[in-house]
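Fold and contact review
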Amino acid sequence: MDYLATERSRLRRAVPGQILPGCKSILMLGIPYSPAQKNKNAPGGMQGRVASYAAGEDYHLVLPPRLESLIAFIEAQMGHPVPSRAYTDTGPLLERDLAQRAGLGWIGKNTCLIYPGKGSYFLLAEILLALDLEPDAPFTRDRCGSCTRCIDACPTNAILSDRTLDARRCISYLTIENKGNIPEELRPLMQDWVFGCDLCQAACPWNRFSGPAGDSSFQPQGDLPFPDLVQMLTLTPGSFNRQFKRSPLQRSRRKGLLRNVTVALGNLGNERALPALEHAGNDPEPLIHEHARWAMEKIRSKIGEPK
């Protein structure tokens with residue numbers, strides 16, 4: 001993610017006019033999604049976990065047409081075209097900072113934006129406008145207090161006490177943005193997560209206010225957010241693309257997702273996963289077979305078989 005630190009990205013964050021000449025306002029938007037319900041699968045199964053936001057359609061596909069519709073509405077109200085630029089996690093902007101400045105909440109100790117009465121289960125988007133709008137008051141209160149539940153809940157110790165996040169240890173980063181090997185010392189800490197992680201949000205007391213029904217586009221599809229890991233290991237490049245055509249899981253690509261699946265199976269330690277892992281150990285993708293072999297060694301050590 002070094003692109004965020006380039007001189008061009010830093011300048012565009014500091015001066016929105018570098019993104020949209022004549023920018024006068026930024027309209028911030030929050031779109032809720034549903035937190036995953038408790039896994040009802042039988043104990044001892046081989047199900048993994050996917051972050052709640054990723055259980056439905058990809059917000060990168062869902063939100064841009066809505067943003068364009070909102071721009072069209074604004075232009076209709078003004079009676080003339082309005083220069084604009086819309087983003088949803090697709091540009092170098094500091095969305096959470098802008099959202100706090102727009103009054104949508106405060107940035108919690110887990111670095112998530114928390115909206116009073118709604119929690120943190122929502123996506124952010126923004127529209128830059130060459131239009132003067134009356135600004136909302138920023139949210140200035142820190143309502144985390146002395147609570148450290150999110151910090152305590154993170155198994156990899158990625159959440160630091162100074163309200164920063166060590167992305168190199170974050171399960172979301174490791175399973176999505178990281179395109180290479182997962183450090184061996186972190187693999188056992190990743191539990192059964194195969195795409196993203198909700199642990200710090202689930203631990204946050206403010207999320208008791210999260211509504212049970214978020215935006216319908218992000219409702220769970222198929223067996224998500226608790227996928228069958230052994231079934232996932234059977235995915236070919238073609239079946240992966242078909243199954244996750246409009247899903248955020250496409251972002252990790254097949255080799256990244258199956259890498260994550262093998263690690264999760266190794267952590268679950270169920271010997272019934274060994275045949276599927278042995279098959280994955282012969283996958284032509286080095287990233288998959290290296291992690292599959294690690295998982296097999298972990299399971300065999302647990303059950304007392306020779307490695």
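Notes on the structure follow. Please read all numbers here as calculations on a predicted model, not as lab measurements.

1. A few points about the overall build of the chain
- A count of helices and strands for the chain gives eleven helices and seven strands.
- On C-alpha atoms alone, the chain measures out to a radius of gyration of 21 Å, which is about the 19 Å that the 2.2 N^0.38 rule sets for 307 residues.
- Counting only C-alpha atoms and orienting by the principal axes, one finds that the chain spans roughly 70 × 45 × 40 Å.
- A buried classification covers 46% of the 307 residues belonging to the chain.
- In the chain, of all internal contacts separated by at least 6 residues, the share reaching a separation of at least 24 is 74%.
- Surface exposure of the chain reaches about 15,700 Å², of which carbon and sulfur atoms provide 52%.
- Each charge class in the chain can be summarised by its mean position, and for the 37 positive and 32 negative side chains these summaries are 2 Å apart.

2. Details of the side chain of Arg-259
- Along the chain, the position of Arg-259 falls in helix 9 (residues 253-268).
- Among buried Asp, Glu, Lys and Arg side chains, Arg-259 stands out as unpaired, with Glu-290 the closest opposite charge at 8.5 Å.
- Among the polar contacts listed, one links the side chain of Arg-259 to the backbone oxygen of Leu-174, at a separation of 3.0 Å.
- Non-local contacts of Arg-259, meaning those with residues more than four positions away in its chain, are made with Leu-174, Thr-175, Asn-178, Lys-179, Gly-180, Ile-182, Leu-287, Ile-288 and His-291.

3. Things to note about the pattern of salt bridges
- The tally for this structure, following the rule as stated, stands at eleven salt bridges.
- Two residues, Asp-192 and Arg-49, come together in a salt bridge whose shortest N-O distance is 2.7 Å. Of the two residues, Asp-192 sits in the loop between helix 5 (171-177) and strand 7 (193-195) while Arg-49 sits in strand 2 (residues 49-50), which places them 143 residues apart along the sequence.

4. Here's the deal with the sheet that holds strand 6 (residues 122-129)
- Spatially, three strands are ordered 1-6-3 in an open sheet, and the strand pairing comes out antiparallel. Pairing within the sheet leaves two strands with one partner each, and these edge strands are strand 1 (25-32) and strand 3 (84-87). Put simply, the sheet's adjacent strands are angled 20° from each other on average, direction ignored.
- Here strand 3 runs beside strand 6; their pairing, made up of four bridges, is antiparallel. Bridge pairing in strand 6 links Ala-86 to Ile-127.

5. Some words on the packing of aromatic side chains
- What the rule picks out here adds up to seven aromatic pairs.
- Geometrically, the ring pair formed by Tyr-53 and Phe-195 is tilted, given 6.5 Å between the ring centres and 50° between the ring planes. You can see Tyr-53 sitting in the loop between strand 2 and helix 2 (59-78) and its partner Phe-195 sitting in strand 7, a full 142 residues away along the chain.
- With relative accessibility at 1%, the residue Phe-195 sits in the buried group.
- Here the aromatic cluster, defined as three or more aromatic residues joined through ring pairs, consists of Tyr-33, Tyr-53, Tyr-59, Tyr-121 and Phe-195.

6. Quick word on the nonpolar core
- By size, the foremost hydrophobic cluster in this structure holds 59 residues, and its most contacted members are Tyr-53, Leu-249 and Leu-277.
- With near-sequence residues (within four places) excluded, Tyr-53 lies in contact with Tyr-33, Tyr-59, Leu-123, Ile-176, Phe-195 and Pro-248.
- With twelve residues, the next largest nonpolar core counts Leu-93, Ala-99, Phe-122 and Leu-124 among its residues.

7. Things to note about the side chain of Asn-207
- Relative to the elements of secondary structure, Asn-207 occurs in the loop between helix 6 (199-203) and helix 7 (229-232).
- By relative accessible area, Asn-207 is classed as buried at 9%.
- Contacts of Asn-207, omitting those with residues within four sequence positions, involve Lys-118, Gly-119, Ser-120, Tyr-121 and Gln-201.

8. Describing unusual backbone geometry
- In the segment running from Leu-224 into Pro-225, the intervening peptide bond is cis, with an omega of 10°.
- With respect to the secondary-structure elements, Pro-225 resides in the loop between helix 6 and helix 7.
- Phi at Asn-157 is positive, roughly 60°, even though this residue is not glycine.
- Here Asn-157 lies in the loop between helix 4 (149-153) and helix 5.

About the cut-offs
Residues numbered from 1 in each chain as written. Predicted model: local features only at pLDDT ≥ 70, side-chain atom pairs only at ≥ 80, totals over all residues. Heavy atoms only, no water. Helix = DSSP H or I, 4+ residues; strand = E, 2+ residues; numbered from the N terminus. Rg over C-alpha atoms; globule rule 2.2 N^0.38 Å. Buried < 20%, exposed > 50% of the residue type's maximum accessible area, 1.4 Å probe, protein only. Contact = heavy atoms within 4.5 Å. Areas by Shrake-Rupley, 256 points an atom, 1.4 Å probe, with all protein chains shown as cover. Lys, Arg positive; Asp, Glu negative; His and termini not counted. Charge placed at Lys NZ, Arg CZ, Asp CG, Glu CD. Salt bridge = Lys/Arg side-chain N within 4 Å of Asp/Glu carboxyl O. Polar contact = N/O pair within 3.5 Å; in protein donor to acceptor, adjacent residues only side chain to side chain. Pairing = 2+ DSSP bridges. Axes fitted to C-alpha atoms, helices over the stretch in contact; angles between N-to-C directions. Phe/Tyr/Trp six-rings, centres within 6.5 Å; stacked < 30°, edge-to-face > 60°. Core = buried A, V, L, I, M, F, W, Y, C linked by side-chain atoms within 4.5 Å.

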